[in-house]
Amino acid sequence: MILAQSSMTVLFLLIAVSLITLYRISFIYLILIILSVYFAGTAVMNYFPDIRVAKILNLISNVGVGELVFKDASINVRVSSVIFPYEGLIENLFLMEGRLHFSLLHRY
């Protein structure tokens, strides 16, 4: 069985489905969906331990979401790309062309 190595697709689908259903379903169905996602994640971690989604879920369960950003290079790059412009804006006193560069703040 070939599964996608990209966790961004799984993350996008989870967010999209949860936002769409959040406005249209009752509380009981919401609880059932949360339990289904939990059991599906557990099944993926147990039966497909070599795929990227299972590795990320395993890392989240072991070290937490905060450490996941620092331990996974792909997530670190994406988070740094979102945070860096705002951090650079503050560090450079709201001036462009400051001394702070992406390579100084970017960690792997």
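Residues numbered from 1 in each chain as written. Predicted model: local features only at pLDDT ≥ 70, side-chain atom pairs only at ≥ 80, totals over all residues. Heavy atoms only, no water.

**Q** A description of the overall build of the protein should follow, citing residues and the corresponding values.
**A** Each helix and strand in the protein was counted, giving six helices and zero strands. Residues counted as buried form 15% of the 108 residues belonging to the protein. The contacts in the protein between residues at least 6 apart in sequence include a share of 32% that link residues at least 24 apart. (Helix = DSSP H or I, 4+ residues; strand = E, 2+ residues; numbered from the N terminus. Buried < 20%, exposed > 50% of the residue type's maximum accessible area, 1.4 Å probe, protein only. Contact = heavy atoms within 4.5 Å.)

**Q** Requested: an account of a nonpolar patch on the surface, with residues and values cited.
**A** A grouping of Phe27, Ile31, Ile34, Leu35, Tyr38 and Phe39 is seen on the molecular surface, where their side chains present a nonpolar patch of about 660 Å² in accessible area. Here Phe27 lies in helix α2 (residues 27-47). Note on Phe27: relative accessible area 61%, which makes it exposed. (Patch = residues over 30% accessible without salt bridge, like charges linked within 9 Å, V, L, I, M, F, W, Y side chains within 5 Å. Areas by Shrake-Rupley, 256 points an atom, 1.4 Å probe, with all protein chains shown as cover. Salt bridge = Lys/Arg side-chain N within 4 Å of Asp/Glu carboxyl O.)

**Q** Could you give me a rundown of the packing of α2 against helix α3 (residues 52-63), with the residues and numbers involved?
**A** Where α2 contacts α3, the axes come no closer than 9 Å and their chain directions differ by 110°. Here α2 lies roughly perpendicular to α3, going by the angle between them. Between α2 and α3, the residues in contact are Gly41, Val44 and Met45 and Ala54, Leu57, Asn58 and Ser61, respectively. Of the residues that constitute the contact of α2 with α3, the class distribution is four nonpolar, three polar and no charged. (Axes fitted to C-alpha atoms, helices over the stretch in contact; angles between N-to-C directions. Parallel < 35°, antiparallel > 145°, perpendicular 65-115°, else oblique. Nonpolar A, V, L, I, M, F, W, Y, C, P; charged D, E, K, R; others polar.)

**Q** So, the confidence of the model for the protein: which residues are in play, and what are the values?
**A** Averaged over every residue, the pLDDT of the protein is 76; the share at 70 or more is 80%. Per-element confidence in the protein is highest for α2, whose mean pLDDT is 85, and lowest for helix α6 (residues 102-105), whose mean pLDDT is 59. (pLDDT = per-residue confidence, 0-100.)

**Q** Tell me about helix α5 (residues 73-91), residues and numbers included.
**A** A maximum bend of about 40° is found in α5 at Ile83, where proline Pro85 lies one to four positions downstream. Residues Asn76, Ser80, Phe84 and Gly88 constitute the buried set of α5. Downstream of α5 by one or two residues, Leu93 has phi in the positive range, about 55°. (Bend = angle between axes of the 7 residues up to and from the residue.)

**Q** How would you explain the packing of aromatic side chains if you had to name every residue and give the values?
**A** Here the structure, examined in full by the defined rule, presents one aromatic pair. Measuring from centroid to centroid gives 5.4 Å for Tyr38 and Phe39, while their planes differ by 65°, and the two rings are edge-to-face. (Phe/Tyr/Trp six-rings, centres within 6.5 Å; stacked < 30°, edge-to-face > 60°.)

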